[in-house]
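Summary of the model geometry
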Amino acid sequence: METNTTPAYPQQPLHEYLRGHARTRPDATPMVWYGRAITWAELDRASDAFAARLQALGVRKGDPVVMFCNNCPQYIVAHYGIQKAGAIVCPSGPLNKEHELGYQVNDLKARVIVAAADLLPVALKVREASTLEHVFAVHYADLLPPEPTLELPAELQAARAAARVVPAGCEDFLAVMRTDARPAPVAVSMDDVALMTYTSGTTGLPKGAMLSYGNALFKTIATAQAGGIEPQDVCLSIAPLYHIAGMLMGVNTPVLVGCAHVLLFRFDPLAVLQAIDRYQVTYWYSIAPMNVACMQVSGADQFDLGSLRRNPVTSFGISFTEPLAQQWQAFTRGPCISCEAAYGLSETHTMDTGMPYDAIRWGTHGRPMPGVTVRIVDPDTGAEVPTGEMGEITLLSPGNFKGYWNKPEATAATLKDGWVWTGDMGLVDEHGYLTFAGRTKEMIKVSGYSVFPEEVETILIKHPAVKQAAVIGQPDPDKGEVVKAFLVLQPGASVTAEEIVAWSRQNMATYKTPRHVRFIDELPVTGAGKMLRRLLKDKD
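Throughout what follows, the structure given in this document is the object of discussion. Because the structure is a prediction, the values reported are computed rather than measured.

**Some words on the packing of helix 3 (residues 73-84) against helix 9 (residues 244-257)**
Contact geometry for helix 3 and helix 9: axes closest at 11 Å, N-to-C directions at 65 degrees. As the angle between them shows, helix 3 and helix 9 are arranged roughly perpendicular. Where helix 3 crosses over helix 9, the handedness of that crossing is right-handed. Contact residues: Tyr75, Ile76, His79 and Tyr80 in helix 3; Met247, Gly250, Val251, Asn252 and Val255 in helix 9. By residue class, the composition of the contact of helix 3 with helix 9 is six nonpolar, three polar and no charged.

**With respect to the side chain of His261**
By the secondary structure assignment, His261 is in strand 11 (residues 260-263). Given a relative accessible area of 3%, His261 falls into the buried group. Within the structure, His261 has its side chain in polar contact with the side chain of Ser237 (distance 2.8 Å). When residues no more than four places from it in sequence are discounted, the contact partners of His261 are Pro30, Met31, Val32, Ile76, Cys235, Ser237, Gly250 and Pro254.

**Here we look at the sheet that holds strand 16 (residues 342-343)**
Strand order in the open sheet formed by three strands is 16-17-18, and the pairing between neighbours is antiparallel. Looking along the sheet, the strands with just one partner apiece sit at the ends: strand 16 and strand 18 (367-368). Sheet topology note: the strand 16/strand 17 (residues 353-354) ladder contains two bridges and is antiparallel. In the strand pairing of strand 17, Tyr343 is matched with Thr353.

**Quick word on the pattern of salt bridges**
Should the charged atoms of two oppositely charged side chains come close, the side chains can pair. Throughout the structure, instances matching the rule amount to 20 salt bridges. With its nearest N and O atoms 3.0 Å apart, the salt bridge here joins Lys407 to Asp107. Residue Lys407 is found in the loop between strand 20 (391-396) and helix 13 (408-414), and its partner Asp107 is found in helix 4 (residues 98-108); the two are separated by 300 residues along the sequence. For Lys407, a relative accessible area of 22% gives the class partly exposed.

**Concerning helix 2 (residues 40-56)**
The end-to-end C-alpha separation of helix 2 is 24 Å, in line with the 24 Å expected for 17 residues at 1.5 Å each. Within helix 2, 13 of the 17 residues are buried, which leaves it mostly tucked inside the rest of the structure. Gly58 sits one or two residues past helix 2 and shows a positive phi near 95 degrees.

**Here we look at unusual backbone geometry**
Of note in the backbone geometry, Lys109 takes a positive phi value of approximately 55 degrees without being a glycine. Relative to the helices and strands, Lys109 is located in the loop between helix 4 and strand 5 (112-116). A relative accessible area of 58% places Lys109 in the exposed class. One non-glycine residue, Ser447, lies in positive phi territory at about 50 degrees. Tracing the chain through its elements places Ser447 in the loop between strand 24 (444-446) and strand 25 (449-451).

**Here we look at the nonpolar core**
A general trend in soluble globular proteins is that nonpolar side chains are found buried together. Within the largest apolar cluster, 171 residues are counted, with the highest numbers of intra-cluster contacts made by Leu236 and Leu460. Among residues more than four places away in sequence, those in contact with Leu236 are Val262, Leu264, Val272, Ala275, Ile276, Val281, Tyr283, Trp284 and Tyr285. Judged by nonpolar contacts, the second largest core, of seven residues, contains Ala470, Val488, Leu523 and Leu536.

**Points about the packing of aromatic side chains**
Evaluated as defined, the whole model comprises 11 aromatic pairs. Plain terms: the ring middles of Trp328 and Phe331 are 5.4 Å apart, the flat faces sit at 35 degrees to each other, and that makes the pair tilted. Of the two residues, Trp328 and Phe331 are both situated in helix 12 (residues 322-332); the distance of three residues between them amounts to about one turn of the helix. On the accessibility criterion, Trp328 (0% relative accessible area) is buried. For the ring pair Phe401 and Tyr404, a centre distance of 4.9 Å and an interplane angle of 65 degrees mean the geometry is edge-to-face. Across the pair, Tyr404 and Phe401 agree in class, each one buried. Linked through ring pairs, Phe50, Phe136 and Phe173 together constitute an aromatic cluster. Above the ring of Trp419, the side-chain terminus of Arg375 is found at 3.9 Å from the ring centroid. Here the guanidinium or amino end of Lys416 rests over the ring plane of Trp421, the centre of that ring lying 4.1 Å away.

**Concerning the state of the cysteines**
Inspection of the entire model under this criterion finds zero disulfides. Summary of cysteine pairing: Cys90 is not part of a disulfide, and the nearest cysteine sulfur, belonging to Cys69, is at 13 Å. Not engaged in a disulfide, the cysteine Cys259 finds its nearest cysteine sulfur in Cys235; these two sulfurs lie 3.9 Å apart.

**Regarding the environment of Val193**
Among the structural elements, Val193 can be located in strand 8 (residues 193-199). Expressed as a C-alpha distance, the spacing of Val193 and Asp63, which sit 130 residues apart in the sequence, is 9.8 Å. Ignoring any residue separated from it by four or fewer positions in sequence, one finds Val193 in contact with Ala87, Ile88, Met210, Leu211, Ser212, Tyr213 and Lys402.

**Concerning the environment of Lys125**
For Lys125, the location among the structural elements is in helix 5 (residues 120-127). In this structure the C-alpha to C-alpha distance between Lys125 and Glu98, which are 27 residues apart in sequence, comes to 7.0 Å.

Each value, and the rule that gives it
- Residues numbered from 1 in each chain as written.
- Predicted model: local features only at pLDDT ≥ 70, side-chain atom pairs only at ≥ 80, totals over all residues.
- Heavy atoms only, no water.
- Axes fitted to C-alpha atoms, helices over the stretch in contact; angles between N-to-C directions.
- Helix = DSSP H or I, 4+ residues; strand = E, 2+ residues; numbered from the N terminus.
- Parallel < 35°, antiparallel > 145°, perpendicular 65-115°, else oblique.
- Left-handed = near helix turned anticlockwise from the far one by under 90°.
- Contact = heavy atoms within 4.5 Å.
- Nonpolar A, V, L, I, M, F, W, Y, C, P; charged D, E, K, R; others polar.
- Buried < 20%, exposed > 50% of the residue type's maximum accessible area, 1.4 Å probe, protein only.
- Polar contact = N/O pair within 3.5 Å; in protein donor to acceptor, adjacent residues only side chain to side chain.
- Pairing = 2+ DSSP bridges.
- Salt bridge = Lys/Arg side-chain N within 4 Å of Asp/Glu carboxyl O.
- Expected span 1.5 Å × (residues − 1).
- Core = buried A, V, L, I, M, F, W, Y, C linked by side-chain atoms within 4.5 Å.
- Phe/Tyr/Trp six-rings, centres within 6.5 Å; stacked < 30°, edge-to-face > 60°.
- Lys NZ or Arg CZ within 6 Å of the ring centre and 35° of its normal.
- Disulfide = S-S within 2.5 Å.

Have a look at this one:
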């Protein structure tokens, strides 16, 4: 199934759109951060200054720069500053612990990281045993207004109250972005790598999926077109900017279109209602439980939510159904149309399908975006299956990634003749709508976060009592899935499941921490020693 129509936009990197807005309407406001308005001129000047500082440090075209912080304006400044220098944006989830950040830094051989102040202990520990040389410190409270217009989450309240410290050996990001330095011009092509987002691919430890300026532009255009987003719109950005979907909605689309967006550090139902009311938000990408939480806010009827007209939703934890959409529209007391958002993955810069707002088919993930071809194949033979039959989802579009960083074998297994073999099962019906049915790969999805079994296992065997480890996903009514660990202990070792869970919380991101632990005598393996995780499900 293919859609060919594409809108006309200049073929240039997104940071050139940013420069264009700064030239033509420098005082317009593209971003609001809890009441602090940031203009196009400020955003362009600050990202220029950071790009210049990177160049002064010897960062060159194609060098990786790691981003290690939550949602904040500085994230967007750094993102575009890195790309203006011709370097590669490499997000690392702020829930990552030392093992996880260290793996990514060493895989990239990165020399520079931008880290939030509360994450500096992790970054500095990683620097001791990695290629890292330079650490920029970001303070979340720096750009908050004196009198916030929206409810501040506890993390930002704590940041405001804490002493502002830049540790020895770190550089103050705010001081850098407030200079007037300008970077030397860097010639980039649309095929150059602009972003490296870590994903499992089909199997194994996380890999850096290399995405180009052209990939980003293609999918950002598709997103803007699907949502009918125009310069007069006001978007609400809550999804994590370090995730590909949050990046698409919070970093890319406002810059392409030239619209404003209200940026939140994280989801808070009261802050969402306040933002929609105060700033007349017209477009919000949400996760289904967020909608439910907003409808449960005491006194919600005092907020004017009638400006909201589009609300694409991703089903995580709960399914976003037609009755829930009807309930949401009644709650907002306006024209808001909400539906399942899309299907996509990191290797394609996501948004491969989208739901037409005038032709919603509940239970599906919409139709292919303009320029995207979806083909359903037999995963064993590669033959295309008949319409309506289940098979592996494969994708072809200008959004497809260039391969995995320094992983030619993994690239060859996923990227075949330009097609991305997703490892996901699904079907396309007679109307061209895709339904995603599940994963053939072993990645675990916890509240929408990707958990890679081999990564968790690698950390678990660092515990002195653990000899071998294997993890699988276990269905969970609230999180979709949670991690279950099967452990073989060292001879003579003694440890409880509770102790393993507590140790895991200290050594890996919370969502990766096993919620269930079972001790077994041996792990199921093939004659060649390959783990057979699927057999562990029989032991549940």
